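# Tertiary structure, described
Now for the letters of each chain:
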Amino acid sequence: MSRLWFISYILTAAALFSYIVFFTNINKGYTHTFFSFETGGQMNIRTFREQEDDAAKAAAIFPNNKNQWKSIHEEVKDWVWQNWPK
């Protein structure tokens, strides 16, 4: 049993070491992408509202579950009607 604990300590230390090495070597501008309290639905809504490109707006909304963006359903509906002729 003590051998299993020894192996678990070694693996935990190795994982911790690899995380430290990873976060010290990545571009610091991307660190914020690993830690966020924003949900997927909130990200989809934010992306839809911030994008200028119609294809990017569509990619932010339509592949995702409708429940994630039902709070802005009318906004999406108006956008679709405005861009339908395109």
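Residues numbered from 1 in each chain as written. Predicted model: local features only at pLDDT ≥ 70, side-chain atom pairs only at ≥ 80, totals over all residues. Heavy atoms only, no water.

### Some thoughts on the overall build of the protein
Where we set the bar: Numbering of helices and strands runs from the N terminus; a helix is a DSSP stretch of H or I covering at least four residues, while a strand is a stretch of E covering at least two. Atoms considered for the radius of gyration are the C-alpha atoms alone. The globule rule reads 2.2 Å times the number of residues to the power 0.38. Remark: exposure states derive from per-residue accessible area (1.4 Å probe, protein chains only) relative to the maximum for the residue type, with buried under 20%, exposed over 50%, and partly exposed in between. By the convention used here, residues are in contact when the closest approach between their heavy atoms is within 4.5 Å. Note that accessible areas follow from Shrake-Rupley with a 1.4 Å probe, and for residues the cover is restricted to the protein chains shown. Charge assignment in this entry is limited to Lys and Arg as positive and Asp and Glu as negative, and neither His nor the chain termini are counted. A single reference atom marks each charge: NZ on Lys, CZ on Arg, CG on Asp, CD on Glu.
Scanning the protein from N- to C-terminus turns up five helices and zero strands. Along its sequence from the N terminus, the protein presents helices and strands in the succession α-α-α-α-α. Rg of the C-alpha trace for the protein: 21 Å, well past the compact-globule value of 12 Å for 86 residues, more than 25% over. By principal-axis analysis of the C-alpha atoms, the protein measures approximately 70 × 30 × 20 Å. Each of the 86 residues in the protein was classed as buried or not, and the buried ones make up 15%. By sequence separation, contacts in the protein at least 24 residues apart represent 35% of the contacts at least 6 residues apart. For the protein, the accessible area works out to roughly 7300 Å², and carbon and sulfur atoms hold 64% of it. Between the averaged position of the 9 positive side-chain charges in the protein and that of its 8 negative side-chain charges there is a distance of 11 Å.

### Section: the environment of methionine 43
If you trace the backbone, methionine 43 turns up in helix 2 (residues 40-50). Judged by relative accessible area, methionine 43 falls into the partly exposed class, the value being 39%. In the structure, methionine 43 is positioned 17 residues away from alanine 60 in sequence and 8.6 Å away in space, judged by C-alpha atoms.

### Focus: the packing of aromatic side chains
Aromatic ring pairs: the centre-centre distance and the angle between the two ring planes describe each pair. Put simply, the rule reads: Centres within 6.5 Å are what make two rings of Phe, Tyr or Trp a pair, Trp counting through its six-membered ring; a difference in plane orientation under 30 degrees is then read as stacked, over 60 as edge-to-face, and the rest as tilted.
Scanning all chains against the criterion turns up eight aromatic pairs. On the basis of an interplanar angle of 90° and a centroid distance of 5.5 Å, the ring pair of phenylalanine 48 and tryptophan 79 is categorised as edge-to-face. With phenylalanine 48 in helix 2 and tryptophan 79 in helix 5 (residues 73-83), this pair connects stretches of sequence that are 31 residues apart. By relative accessible area, which is 12% here, tryptophan 79 ends up buried. Aromatic pair phenylalanine 62 and tryptophan 69: ring centres 6.2 Å apart, planes at 90°, arrangement edge-to-face. Taken together, the ring pairs connect Phe22, Phe23, Phe34 and Phe35 into an aromatic cluster.

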